[in-house]
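Letter by letter, the chains look like this.
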Amino acid sequence: MKAGDVISVYSDIKGKCKKGAKEFDGTKVFLGNGISELSRKEIFNGLPELKGIGIRMTEPIYLSPSFDNVLPNYLFLQNLPSAVVTHVLDPQPGEKILDLCAAPGGKTTHIAALMHDQGEVIALDKISNKVEKIKQNALLLGLNSIKAFCFDGTKALKLDMVKDAEGKPPFLRESFDRILLDAPCSGMGQRPNMACSWTLKEVTSYQPLQRKLFTVAVELLKPGGVLVYSTCTITLAENEEQVAWALATFPCLQLQPQEPQIGGEGMMGAGLSFEQLKQLQRFDPSVVPVRDTDIASLGDARIEDTIWLANKDCIGFFIAKFIKCKST
């Protein structure tokens, strides 16, 4: 392979293709054709430090254009449910908002934008380089209301009553008008994702951490305040079961209807009532009959049907909205 050659690109589903192999008969998925920017020798001699574009795709099988670095001072790319969740939170100018697990900052910056950059948005994440990314995104978008801290969200509750004048974590009880807990999760709703190597132990390890963070969020929320819980996964244990647990554990919380309601209702199996399931939003791309859809026929479809299809053909995601009725 030389620079300028036409190349067919495949994904090695099981990660079995050995570096330097000239033939491969394992499980693979065709992604399209492109032009090599580098020779085979340049690629292998440059690894692992070499970064950038190796193949410039000219005939990808997925036709969505790249929006990377398009108007970066004005636009921030997000999946549809990630944009919906901030509207469900409905932050208002002048409020104090906490984004408990904030990196890389897409929802944080969206919150600040919806508030017209008036108020205070506190963003926490325990990984320092991710916090730097939040700060960079806020600077790029010209948002001054965001304060990002490298801090473990499970320790964000201040246990003594001495007030911290600097506004840094940990925080006193009932300090925030609204809280977004976009919780760490198994991420099984993420797309594109051609292969999954998670073990059952890994998938089931998130529920206890999510409950720790949720407990802190309830304590930090003011009476009358709004708490939105979301994940980018599809498991019952991390979604509806967490809602059932929260309602049983915190009598001060009430489940609330959501606006906008674009996703489907919640999944049965966690003991929630039909009314409660209707108040949840679950985005599940498996309901979309994409494999059986003739793309050419979409030109004749009603606009409502096209929008329905587009709105459902997204990542897997879950949203629950609570209001805190009284002090804890």
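A quick note: this is a predicted structure, and the numbers were derived from the prediction, not measured.

A.B. asks: Explain the overall build of the protein chain to me, and be specific about the residues and the numbers.
C.D. replies: From N to C terminus, the protein chain includes nine helices and 11 strands. In terms of its C-alpha atoms, the protein chain occupies a principal-axis envelope of roughly 65 × 45 × 40 Å. When contacts within the protein chain are restricted to residue pairs at least 6 apart in sequence, long-range pairs at least 24 apart make up 72% of them. Summed over its atoms, the accessible surface of the protein chain is roughly 18,600 Å², and 55% of this surface lies on carbon and sulfur atoms. Averaging the coordinates of the 37 positive side-chain charges in the protein chain and doing the same for the 38 negative ones gives two points 6 Å apart.

A.B. asks: Give me the lowdown on helix α4 (residues 128-140), citing residues and values where you can.
C.D. replies: When the terminal C-alpha atoms of α4 are compared, their 18 Å separation across 13 residues agrees well with the 18 Å that a helix rising 1.5 Å per residue should span. Along α4, the positions that sit buried rather than exposed are Val131, Ile134, Asn137 and Ala138. Across the axial projection of α4, the buried residues extend over an arc of 120°, all falling on one side. Pointing more than 90 degrees away from the buried face of α4 are the exposed residues Asn129 and Leu139.

A.B. asks: Go over the pairing of strand β4 (residues 96-99), please, and point to the residues and values.
C.D. replies: Where a strand is regular, its side chains alternate between the two sheet faces. In the sheet, β4 pairs with strand β5 (residues 120-125) via four bridges, with the strands oriented parallel. Bridging from a neighbouring strand, Lys96 pairs with Glu120 of β5. In this fold, the crossover linking β4 to β5 by way of helix α3 (residues 106-114) has right-handed handedness. Sheet topology note: the β4/strand β7 (residues 176-182) ladder contains three bridges and is parallel. Note that in β7 the partner of Asp99 across the bridge is Leu180.

A.B. asks: Any details on the packing of helix α2 (residues 80-89) against α3? Residues and values, ideally.
C.D. replies: Where α2 meets α3, the axes come as close as 10 Å, and the angle between the chain directions of the two elements is 45°. Relative to α3, α2 is oriented oblique. Between α2 and α3 the crossing geometry is right-handed. Contacts between α2 and α3 pair Ser82, Ala83, Val85, Thr86, His87 and Leu89 from the former with Lys107, His110, Ile111 and Leu114 from the latter. By residue class, the composition of the contact of α2 with α3 is five nonpolar, four polar and one charged.

A.B. asks: Talk me through the pattern of salt bridges; I want residue IDs and the actual numbers.
C.D. replies: The tally for this structure, following the rule as stated, stands at 13 salt bridges. Two residues, Asp160 and Lys158, come together in a salt bridge whose shortest N-O distance is 3.9 Å. The shortest N-O distance in the salt bridge between Glu174 and Lys324 comes to 3.6 Å. Taken together, the positions of Glu174 in the loop between β6 (146-150) and β7 and Lys324 in strand β11 (residues 317-324) put the pair 150 residues apart, joining distant regions of the chain. Look at Lys324 and you get buried, because its relative accessible area is 0%.

A.B. asks: Explain the nonpolar core residue by residue, including any values.
C.D. replies: Leu100, Leu181, Phe214, Leu220, Leu227 and Phe322 are the most contacted members of the largest nonpolar core, which has 35 residues in total. Elements represented by at least two residues in this core include exactly β5, β7, α6 (206-220), β8 (221-231), α7 (240-249), β9 (253-255) and β11. Among the elements that make up this core, the one with the highest residue count is α6 (six residues). Other than its neighbours up to four places away in sequence, Leu100 contacts Leu124, Gly153, Ala156, Leu180, Leu181, Leu213 and Ala217. Counting 27 residues, the second largest nonpolar core, distinct from the first, contains Val85, Ile97, Ile146 and Leu180.

A.B. asks: Go over the UniProt feature "binding site: S-adenosyl-L-methionine" (unreviewed entry) in the protein chain, please, and point to the residues and values.
C.D. replies: Sequence positions flagged by UniProt for "binding site: S-adenosyl-L-methionine" (unreviewed entry) are, in local numbering, Cys101, Ala102, Ala103, Pro104, Gly105, Gly106, Lys107, Asp125, Asp152 and Asp182. Turning to its location among the elements, Ala102 is positioned in the loop between β4 and α3. Here Ala102 falls in the buried class, since its relative accessible area comes to 5%. Leaving out residues up to four positions away in the same chain, Ala102 has contacts with Thr108, Ala123, Leu124, Asp125 and Ile134.

A.B. asks: Can you tell me about the environment of Asp182, naming the residues and giving the values?
C.D. replies: The residue Asp182 is located in strand β7 in this model. Expressed as a C-alpha distance, the spacing of Asp182 and Leu213, which sit 31 residues apart in the sequence, is 9.9 Å. Residues contacting Asp182, with those up to four places away along its chain left out, are Cys101, Lys107, Ser230, Thr231 and Phe317. There is a polar contact of 3.1 Å between the side chain of Asp182 and the side chain of Lys107. At a separation of 2.6 Å, a polar atom in the side chain of Asp182 contacts the side chain of Ser230.

A.B. asks: Account for the sheet that holds strand β2 (residues 28-36), with residues named and values stated.
C.D. replies: Strand order in the open sheet formed by three strands is β1-β2-β3, and the pairing between neighbours is antiparallel. Each having just a single partner strand, β1 (6-12) and β3 (55-60) make up the two edges of the open sheet. With strand direction ignored, the average angle separating the axes of adjacent strands in the sheet is 45°.

The rules behind each value
Residues numbered from 1 in each chain as written. Predicted model: local features only at pLDDT ≥ 70, side-chain atom pairs only at ≥ 80, totals over all residues. Heavy atoms only, no water. Helix = DSSP H or I, 4+ residues; strand = E, 2+ residues; numbered from the N terminus. Contact = heavy atoms within 4.5 Å. Areas by Shrake-Rupley, 256 points an atom, 1.4 Å probe, with all protein chains shown as cover. Lys, Arg positive; Asp, Glu negative; His and termini not counted. Charge placed at Lys NZ, Arg CZ, Asp CG, Glu CD. Expected span 1.5 Å × (residues − 1). Buried < 20%, exposed > 50% of the residue type's maximum accessible area, 1.4 Å probe, protein only. Arc of directions from axis to C-beta. Pairing = 2+ DSSP bridges. Right-handed = clockwise from strand over helix to strand, strands pointing away. Axes fitted to C-alpha atoms, helices over the stretch in contact; angles between N-to-C directions. Parallel < 35°, antiparallel > 145°, perpendicular 65-115°, else oblique. Left-handed = near helix turned anticlockwise from the far one by under 90°. Nonpolar A, V, L, I, M, F, W, Y, C, P; charged D, E, K, R; others polar. Salt bridge = Lys/Arg side-chain N within 4 Å of Asp/Glu carboxyl O. Core = buried A, V, L, I, M, F, W, Y, C linked by side-chain atoms within 4.5 Å. UniProt positions renumbered as here; feature names shortened; annotations may be inferred. Polar contact = N/O pair within 3.5 Å; in protein donor to acceptor, adjacent residues only side chain to side chain.

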